[in-house]
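Spelled out from the first residue to the last, the chains are:
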Amino acid sequence: MRVLVTGGAGFLGSHLCDRLLAEGHDVIAMDNLITGSTDNIAHLAGNRRFQFIYHNVTEYIYLKGPLDAILHFASPASPIDYLELPIQTLKVGSLGTHNALGLALAKEARFLLASTSEVYGDPLIHPQNESYWGHVNPIGPRGVYDEAKRYAEALTMAYHRSHGVDTRIVRIFNTYGPRMRLNDGRVVPNFVSQALRGQPLTVYGEGKQTRSFCFMSDLIEGIYRLLLSDEVEPVNIGNPTELTIHEFATVINELTGNPAGIRFEPLPVDDPKQRKPDIGKAQRILGWAPQVNLREGMEETIRWFRARVEK
Ligand code: UDP
């Protein structure tokens, strides 16, 4: 296949490029580098099956030649990023998705949307399955991301139903691993860089809120399987092992041998109280389940951060 990955210089986008190339496909990564980095794809320079195009997908996307699939991963994806880039976040989810879907229609390419567990908002059911419609505050600070992704899902289904575009939607739960931006403000880069600097970990609120962390390689496997499947409706991909943020901080301090403990800071507005994917659908239709446990995944992630954190 010849595949376009929007957001191809980002954390997940760049890992997807690697996987697609390893599977023998030709890959075009497109990114405007507002949150992505060419460091993530530097190792692909010189690969004749790989091409990078600097472009903002909220502007019309012009691409020469045939295209078999588009993986639409362009978007700021951390609460700090969408606080700083609220309009870009809304534009990439709406205009960017529209442009990418238009390209898919013109090229008769399969289209896979990177959606998110944020479509469930601060969920009232637990764990979250794909039939839950969510509990989202449209006007809160996270609304720019949540509503953009909800709109992107609606637009994807509309292109499927009205134009017959062959579409897929993955709802991605918290994912971590090498190539996360050190300062992206999410809990994994924050905790790991604080721990490696010997600082206390900043636990927001009382740390009673829960998350479930999936290692990047598991997530990429799930997405690749979904791409090759014929499932049009959304599929959750994530790791159902749930822990409180306080417990998570303890694990990180233990794995890094950080003696500095934790420090409590205010809970951000609309921070979801609990999150855990129901992955029954992915197991059933993709034969997929995560393989990497938190310790293994975090050890690899910590090794990667250790080489980059300035003490
Ligand atoms: N969090 C925290 N300390 C930090 C960063 C995040 O306690 O330094 C908490 C945050 O309040 C949330 C959870 O960790 O409850 C996950 O936050 P993240 O920003 O990674 O993503 P989210 O899952 O909220 O989208």
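What you see is a predicted model, and the numbers here were worked out from it, not measured in a lab.

Enquirer: What's the story with the packing of helix H3 (residues 86–107) against helix H4 (residues 143–163) in this structure? I'm lost.
Expert: Packed helices, taken two at a time, are described by the angle their axes make and the gap between the axes. Interaxial distance between H3 and H4 falls to 8 Å at its minimum, and their mutual angle equals 15 degrees. When the axes of H3 and H4 are compared, the pair comes out roughly parallel. As for the relative orientation of H3 and H4, their crossing is right-handed in sense. For the pair H3 and H4, contact is made by Pro86, Thr89, Leu90, Gly93, Ser94, Thr97, His98, Leu101, Gly102 and Leu105 and by Val144, Tyr145, Ala148, Tyr151, Ala152, Leu155, Thr156, Tyr159 and His163, respectively. Taken together, the residues of the contact of H3 with H4 sort by class into 11 nonpolar, eight polar and no charged.

Enquirer: Would you mind showing me how to read the site of the ligand here?
Expert: Residues in close proximity to the ligand total 18 residues, the closest being Thr202, Tyr204, Arg211, Asp271 and Arg275. For the ligand, an oxygen atom lies 2.6 Å from a polar atom in the side chain of aspartate 271. Taking 510 Å² as the accessible area of the ligand by itself, protein coverage stands at 96%. Here the residues of the shell around the ligand sort into seven nonpolar, five polar and six charged.

Enquirer: Can you walk me through the side chain of arginine 211 in this structure?
Expert: When you line up the elements, arginine 211 lands in strand S9 (residues 210–212). Judged by relative accessible area, which is 7%, arginine 211 ranks as buried. At 2.8 Å, the side chain of arginine 211 and the backbone oxygen of proline 272 are in polar contact. Once residues within four sequence positions are removed from consideration, arginine 211 is found in contact with Asn174, Thr241, Glu242, Leu243, Ile245, Asp271, Pro272 and Arg275.

Enquirer: How do you make sense of the environment of proline 290 when you look at a structure like this?
Expert: Mapped onto the fold, proline 290 is located in the loop between helix H8 (280–286) and helix H9 (294–306). Each residue touching proline 290, except ones within four places of it in the same chain, is listed here: Asp218, Gly238, Asn239, Pro240 and Ile279.

Enquirer: So what exactly am I meant to see when it comes to the sheet that holds strand S5 (residues 110–116) here?
Expert: Across the sheet, seven strands lie side by side as S3-S2-S1-S4-S5-S6-S11; this open sheet has parallel pairing. Each edge of the open sheet carries a strand with a single partner, namely strand S3 (50–54) and strand S11 (235–237). Going across the sheet, the axis of each strand differs from the next one's by a mean of 20 degrees, ignoring polarity. Alignment of strand S6 (residues 167–172) against S11, held across three bridges, turns out to be parallel. Looking across to S11, one finds that valine 170 is bridged to valine 235. Strands in contact with H3 are strand S1 (2–6), strand S4 (69–72), S5 and S6; relative to S4, the strand with the most contacts, it is inclined by about 175 degrees.

Enquirer: Looking at this structure, how should I read H4?
Expert: Each α-helix turn comprises 3.6 residues. Residues three or four places apart therefore point the same way. Compared with an ideal rise of 1.5 Å per residue, which puts 21 residues at 30 Å, H4 spans 28 Å between its outermost C-alpha atoms and is within 8% of the ideal. What H4 keeps buried is the set Gly143, Val144, Tyr145, Asp146, Ala148, Lys149, Ala152, Glu153, Leu155, Thr156, Met157 and Tyr159. Those residues of H4 that are buried lie in contact with helix H2 (79–84), H3, S5 and S6. Positive backbone phi, at 70 degrees, marks glycine 164, one or two positions downstream of H4.

About the thresholds
Residues numbered from 1 in each chain as written. Predicted model: local features only at pLDDT ≥ 70, side-chain atom pairs only at ≥ 80, totals over all residues. Heavy atoms only, no water. Axes fitted to C-alpha atoms, helices over the stretch in contact; angles between N-to-C directions. Helix = DSSP H or I, 4+ residues; strand = E, 2+ residues; numbered from the N terminus. Parallel < 35°, antiparallel > 145°, perpendicular 65-115°, else oblique. Left-handed = near helix turned anticlockwise from the far one by under 90°. Contact = heavy atoms within 4.5 Å. Nonpolar A, V, L, I, M, F, W, Y, C, P; charged D, E, K, R; others polar. Near = heavy atom within 4 Å. Polar contact = N/O pair within 3.5 Å; in protein donor to acceptor, adjacent residues only side chain to side chain. Areas by Shrake-Rupley, 256 points an atom, 1.4 Å probe, with all protein chains shown as cover. Buried < 20%, exposed > 50% of the residue type's maximum accessible area, 1.4 Å probe, protein only. Pairing = 2+ DSSP bridges. Expected span 1.5 Å × (residues − 1).

Fair warning: the whole summary comes from geometry, so function is off the table for now.
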